[in-house]
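# Secondary and tertiary structure notes
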Amino acid sequence: MLDCASFPDQRQTLIKTRLLQDGRVVCAHLAAELGVSEHTIRRDLQELASQGVCKKVYGGAVNVVADPPGLAERIQLTGAEKQKLGRASAQLLRDGDCVFVDSGSTNMAIAKAISQQQAITFVTHVPEIAVELLKLAHCEVILLGGKLNRKIGASVGPTTIRQLETMYFDQCLLGACALDPEEGVTVFDFDDAEFKRTIVKQSSEVIVALTQDKLGAVAKHRVMPVSEISTLVLAGASVPGVLAKLAQSSVNIVQAD
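Residues numbered from 1 in each chain as written. Predicted model: local features only at pLDDT ≥ 70, side-chain atom pairs only at ≥ 80, totals over all residues. Heavy atoms only, no water.

## Remarks on helix H6 (residues 105-113)
Applicable threshold: Burial classification: accessible surface area is computed with a 1.4 Å probe over protein chains only, and a residue below 20% of its type maximum counts as buried, one above 50% as exposed, and the rest as partly exposed. We count a stretch as a helix when DSSP gives it H or I for four or more residues in a row; a strand needs E for two or more, and each element gets its number in order from the N terminus.
Of all nine residues in H6, seven are buried; the element is thus mostly enclosed. Residues Ser-105, Thr-106, Asn-107, Met-108, Ala-109, Ile-110 and Ala-111 constitute the buried set of H6.

See below:
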């Protein structure tokens, strides 16, 4: 049996395990379970946060995700999980709708999975996604302009936001760097977060497709709470504790095959 009260390394190993299982930990619960003070647990969390393992939040801590490489590199690395998410998300799109497609390699996988038979108006601020959507013979494609953010692979500045605010969307495919049931959708870039909030405001339905590594974690900037997501598309063996909390919310969860 681990002597977690006496050895901080053992406590911190257990905390890491809980973070992987549940996406977050609560100081009071850990203190009671391990027979130590909440101050001791907070000190452990501070140490783990300094290592980049977690992010401290009120009452505990949540997982963090690593800042990803640029969009072009992420598209090249697209694997089976994103392809599953792409197929499942593409089936949610409806003929005749106006759909905004946000930046992200998962959203590129969705664009690649859309049927050639569909007739949809797509709006995007991502040149690479616009080129992919142009392959769909019955779809109209509108590309928003502005200064391109090299890391995101899209334009997200004030010029693009002004264009976005003149449009309304039946659905949007929103990109996310991380999602936690309590912290909501988060991203790494400040301007990207502001842009995404505008997308959500202009959209009747918000669809978020997430790989397993982004679930039960946080990035730097909050976009919106989970309650504003209409449909969450997941693939793989997702974090059980996070799924249980999401099941209690109003979000519709679709499991990709």
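## Comments concerning the sheet that holds strand S16 (residues 252-255)
What counts is decided by this rule: What makes two strands pair is DSSP finding at least two bridges between them. Inter-axis angles, ranging from 0 to 180 degrees, are taken between N-to-C directions of lines fitted to C-alpha atoms, where helices are fitted over the stretch in contact. A contact between two residues is defined here by any heavy atoms of the two lying within 4.5 Å.
Pairing within the open sheet is parallel, and its seven strands lie in the order S6-S5-S4-S9-S12-S15-S16. Bordering the open sheet on either side are strand S6 (140-143) and S16, each of which pairs with just one other strand. The mean angle between the axes of side-by-side strands here comes to 20°, regardless of whether they run parallel or antiparallel. Helix H5 (residues 80-90) contacts strand S12 (206-210) and strand S15 (231-234) of the sheet and is inclined by roughly 145° relative to S15. Lying on the sheet, helix H9 (residues 190-201) is in contact with strand S4 (98-101), strand S9 (171-174) and S12; it crosses S9 at an angle near 155°.

## Examining the nonpolar core
Defined as follows: Nine residue types can take part in a nonpolar core, namely buried Ala, Val, Leu, Ile, Met, Phe, Trp, Tyr and Cys, and a core is a set of them joined through side-chain atoms within 4.5 Å.
Counting residues in each nonpolar core, the largest one holds 63 residues, and the members touching the most others are Phe-100, Phe-122, Leu-179, Val-208, Met-224 and Leu-232. Broken down by element, this core gets its largest block of residues, five residues, from S12. Excluding its chain neighbours within four sequence positions, the residues that come into contact with Phe-100 are Val-123, Thr-124, His-125, Leu-144, Leu-164, Phe-169, Gln-171, Cys-172, Leu-173, Phe-195 and Ile-199. If you look at the next biggest cluster of nonpolar residues, it comprises 14 residues, including Ile-15, Leu-34, Leu-48 and Cys-54.

## Considering the pairing of S15
With burial as the criterion, each face of S15 is covered, one bearing Thr-231 and Val-233 and the other bearing Leu-232 and Leu-234. Two strands pair when backbone bridges link them, and S12 and S15 are joined in this way by four bridges, in the parallel orientation. By the bridge assignment, Ala-209 is partnered in S15 with Val-233. Summarising the sheet, S15 and S16 pair through four bridges and their orientation is parallel.

## Quick word on the side chain of Asn-149
With respect to the secondary-structure elements, Asn-149 resides in strand S7 (residues 148-149). Owing to a relative accessible area of 18%, Asn-149 belongs among the buried residues under this scheme. For Asn-149, the contacting residues outside a window of four places in its chain are Ala-154, Ser-155, Val-156 and Asp-189.

## Focus on the sheet that holds strand S10 (residues 178-180)
On the basis of which strands lie adjacent, the open sheet formed by three strands has the order S10-S11-S14 and antiparallel pairing. The sheet is open, and its two borders are formed by S10 and strand S14 (221-224), each paired with just one other strand. The sheet shows a mean angle of 35° between the axes of neighbouring strands, direction not considered. Sheet topology places S10 next to strand S11 (residues 184-187); three bridges connect them, and they run antiparallel. Looking at S11, one finds that Ala-178 is bridged to Thr-186. Strands S11 and S14 of the sheet are contacted by H9, whose axis makes an angle of about 5° with S14.

## Brief notes about the state of the cysteines
Heads up, the condition is: Working definition: a disulfide is two cysteine sulfur atoms within 2.5 Å of each other.
This model, assessed by the stated rule, comprises zero disulfides. There is no disulfide at Cys-98, and the cysteine sulfur nearest it, in Cys-172, is 11 Å away.

## Considering the environment of Asp-257
Assignment of secondary structure puts Asp-257 in the segment after S16. Using a relative accessible area of 77% as the deciding quantity, one classes Asp-257 as exposed. Distance in space between the C-alpha atoms of Asp-257 and Glu-81 is 9.2 Å, their sequence separation being 176 residues. For Asp-257, the contacting residues outside a window of four places in its chain are Lys-84 and Arg-87.

Just geometry here; none of it tells us what the structure is for.
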